[in-house]
Amino acid sequence: MPRPALEVADIFRDHGAAWRSANAGHVSLDQLKVMSAIERCRTVALGGHVARCEDCAHTVIAYNSCRNRHCPKCQGAAAREWLVEREAELLPVGYFHLVFTLPGPIADIAYQNKAAIYGLLFTAAAEATLTIAADPKRLGARIGITAVLHSWGSAMTHHPHVHMIVPGGGISLDGTRWVSCRPRFFLPVRVLSRLFRRLFLGKLRAAHQAGHLAFFGGHAALAEPRAFAAFLAPLRKAEWVVDAKKPFGGPQAVLAYLSRYTHRVAISNRRLISADKTGVTFKWKDYRIEGPDRYKTMTLPTGEFIRRFLTHVLPKGLHRIRHYGLFANGNRAANIARARELLAVPCRAKPVESPTTAAADEPRVLPRPCRCCGGRMIIIETFAGGCQPKHHPASAAAAMKIDTS
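Residues numbered from 1 in each chain as written. Predicted model: local features only at pLDDT ≥ 70, side-chain atom pairs only at ≥ 80, totals over all residues. Heavy atoms only, no water.

**Observations regarding the overall build of the protein**
Link 1 in the chain: Helix and strand content of the protein: ten helices and 14 strands.
Link 2 in the chain: With respect to the three principal axes, the spread of C-alpha positions in the protein is 70 × 60 × 45 Å.
Link 3 in the chain: Counting across all 405 residues of the protein, residues that qualify as buried make up 48%.
Link 4 in the chain: Long-range contacts, defined as pairs at least 24 residues apart, comprise 72% of the intrachain contacts of the protein with a sequence gap of at least 6.
Link 5 in the chain: On the protein, roughly 20700 Å² of surface is accessible, and the fraction owed to carbon and sulfur atoms is 54%.
Link 6 in the chain: Of the charged side chains in the protein, 56 are positive and 29 negative; the average position of the first set lies 5 Å away from that of the second. (Helix = DSSP H or I, 4+ residues; strand = E, 2+ residues; numbered from the N terminus. Buried < 20%, exposed > 50% of the residue type's maximum accessible area, 1.4 Å probe, protein only. Contact = heavy atoms within 4.5 Å. Areas by Shrake-Rupley, 256 points an atom, 1.4 Å probe, with all protein chains shown as cover. Lys, Arg positive; Asp, Glu negative; His and termini not counted. Charge placed at Lys NZ, Arg CZ, Asp CG, Glu CD.)

Written out as structure tokens, the structure is:
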């Protein structure tokens, strides 16, 4: 796949310094680190290696990736590694897709309390789903959940929501059988929405009472308990959005979805159209409209584009992919094995990993073959960050920046 003509890294390199200067004192350390990582990604600043085809001598310079989870260029390899593990865990049943969204007023204060409120979003959504599924009047089973946090809308506005991928059934409460849901119905959305609302607001109030929330600017008054209670009052009566998408066609469709969603960032490079010091134009999708008219373009002032992108930088240590129920990390392997036993299907062996260390006399080889003749690309030189390689392609045009992650 060809490299996009315009990247977020280009915008940061060309306009990031001026934006940082204009916003000094209002940019967090985490945001500054993300900007720096993206600007340096796959450049000489991070070092890299030189590879040469053993057949035709075609030579490429491959610069190292920053591996930052917010970098649009570095998520492909991370997603592939993650998907290999998930593929071995897929069950031969239908899968459902649920989306839990925070109301606008909560999203506003979530930006000032990302770690706390994003965490509550995860736990309240998971607890609601597990509770309703375990109800004998509903499914009456223990289910597994893979949940992914997205904090953005298509226009990069702040729009926190959690995507859940759930098998269409679970292990009975007594552990003796597999309980399947109806073919095109998993759990009642309205019941999920009401319980999600109650659980989240209860946890949010407890977090406020424990002093775990901070409020600044126009929300500073919410630090006072009565003001916060008044803020929550209308939210207890509003309808909260829980969406049940059309069920997936099968396990491979689940993998295709996960490959697009699990390691996504606020905007991909392929959505960018143009950029200069006055504005950035990109493609976006208006989900309020059905049909082809929903695909539009938007131009934002360059500074606003950078601000919106950095709005979605996550606090250090906050995991945006989480597993619950049968898929919880502690007992996942045993639960999946039991589910396969009850479904009367053999356990799937995980792919055998290739040795991480090659023999001393074996050359290091790139995973991709030569683009000219298909031969092996042998690494002939490794160079440190800030250093120039000794070997170069025959022409500057032949130099290719390859993902080394």
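**Description of helix α6 (residues 189-209)**
Link 1 in the chain: Taking 1.5 Å of rise per residue, 21 residues should cover 30 Å, and α6 covers 30 Å from first to last C-alpha, within 8% of that figure.
Link 2 in the chain: Within α6 the residues assigned to the buried category are Leu192, Ser193, Leu195, Phe196, Arg197, Leu199, Phe200, Leu201, Leu204, Ala207 and His208.
Link 3 in the chain: Buried residues along α6 sit in contact with β3 (95-101), α4 (104-110), α5 (114-134), α7 (225-232) and β9 (242-244).
Link 4 in the chain: Immediately beyond the C-terminal end of α6, within one or two residues, lies Gly211, with a positive phi of roughly 75 degrees. (Expected span 1.5 Å × (residues − 1).)

**Things to note about the sheet that holds strand β13 (residues 321-325)**
Link 1 in the chain: Overall, antiparallel pairing links the five strands, which are arranged β9-β3-β6-β5-β13 in an open sheet. The open sheet has two edge strands, β9 and β13, and neither has a second partner. Each neighbouring strand pair of the sheet contributes to a mean axis angle of 25 degrees, computed without reference to strand direction.
Link 2 in the chain: Together, β3, β5 (144-152) and β6 (158-167) form the strand contacts of helix α8 (residues 251-261), whose direction differs from that of β6 by roughly 155 degrees. (Pairing = 2+ DSSP bridges. Axes fitted to C-alpha atoms, helices over the stretch in contact; angles between N-to-C directions.)

**Here we look at the nonpolar core**
Link 1 in the chain: Counting residues in each nonpolar core, the largest one holds 51 residues, and the members touching the most others are Met164, Phe196, Phe200 and Leu204.
Link 2 in the chain: Only β3, α4, α5, β5, β6, α6 and α7 provide two or more residues apiece to this core.
Link 3 in the chain: One finds Leu6, Val8, Cys71 and Ile306 within the second-largest nonpolar core, a separate group that totals 29 residues. (Core = buried A, V, L, I, M, F, W, Y, C linked by side-chain atoms within 4.5 Å.)

**Some thoughts on the sheet that holds strand β1 (residues 48-53)**
Link 1 in the chain: The sheet built from three strands is open, its strands ordered β2-β1-β14 with antiparallel pairing. Two strands lie at the open edges of the sheet, namely β2 (59-63) and β14 (377-383), each paired on one side alone. When the angles between neighbouring strand axes are averaged without regard to direction, this sheet yields 25 degrees.

**Some remarks on the packing of helix α1 (residues 8-22) against helix α2 (residues 29-40)**
Link 1 in the chain: Put simply, α1 and α2 touch, their axes get as near as 9 Å, and they point 135 degrees apart. Here α1 lies oblique to α2, going by the angle between them. Pair α1 / α2 crosses with left-handed handedness. In contact with Val8, Ala9, Phe12, Arg13, Gly16, Trp19 and Arg20 of α1, α2 contributes Leu32, Met35, Ile38 and Glu39.
Link 2 in the chain: Residues that form the contact of α1 with α2 fall into these classes: seven nonpolar, one polar and three charged. (Parallel < 35°, antiparallel > 145°, perpendicular 65-115°, else oblique. Left-handed = near helix turned anticlockwise from the far one by under 90°. Nonpolar A, V, L, I, M, F, W, Y, C, P; charged D, E, K, R; others polar.)

**Side note on α8**
Link 1 in the chain: Those residues of α8 lying buried are Val254, Leu255, Tyr257, Leu258 and Tyr261. Buried residues in α8, looked at end-on, bunch into an arc of 165 degrees, giving them a common side. (Arc of directions from axis to C-beta.)

**Some words on the side chain of Thr59**
Link 1 in the chain: Mapped onto the elements of the fold, Thr59 is located in strand β2.
Link 2 in the chain: Its relative accessible area of 6% is what places Thr59 among the buried residues.
Link 3 in the chain: For Thr59, the side chain forms a polar contact with the side chain of Arg52, separated by 3.0 Å.
Link 4 in the chain: At 3.1 Å, the side chain of Thr59 forms a polar contact with the backbone oxygen of Ala57. (Polar contact = N/O pair within 3.5 Å; in protein donor to acceptor, adjacent residues only side chain to side chain.)

**What about the confidence of the model for the protein?**
Detailed reading of the predicted coordinates is not advisable wherever pLDDT is low.
Link 1 in the chain: Across the protein, the average pLDDT comes to 88, with 92% of residues at 70 or higher.
Link 2 in the chain: Considering only residues more than four positions removed or in separate chains, one finds that residues 353-358, a stretch of pLDDT under 50, has zero contacts.
Link 3 in the chain: Between residues 396-405, whose pLDDT stays under 50, and residues either more than four places distant or in other chains, the model counts 36 contacts. (pLDDT = per-residue confidence, 0-100.)

**Considering the pairing of strand β7 (residues 169-172)**
Link 1 in the chain: In this sheet, β7 lies alongside strand β4 (residues 141-142) in antiparallel orientation, the contact comprising two bridges. Bridging from a neighbouring strand, Arg142 pairs with Ile171 of β7.
Link 2 in the chain: One ladder, built from three bridges, connects β7 with strand β8 (residues 178-180); its direction is antiparallel. Residue Gly170 lies in a different strand from β8, and its bridge partner there is Val179.
Link 3 in the chain: Taking the residues between adjacent antiparallel strands as the criterion, β7 and β8 are bridged by five residues, where Gly175 takes a positive phi near 75 degrees.

**Topic: the pairing of β14**
Link 1 in the chain: Counted residue by residue, β14 has five buried out of seven residues, so it is predominantly covered.
Link 2 in the chain: Strand direction decides the pairing type here: β1 and β14, joined by six bridges, are antiparallel. Directly across from Arg52, in β14, lies its bridge partner Ile378.

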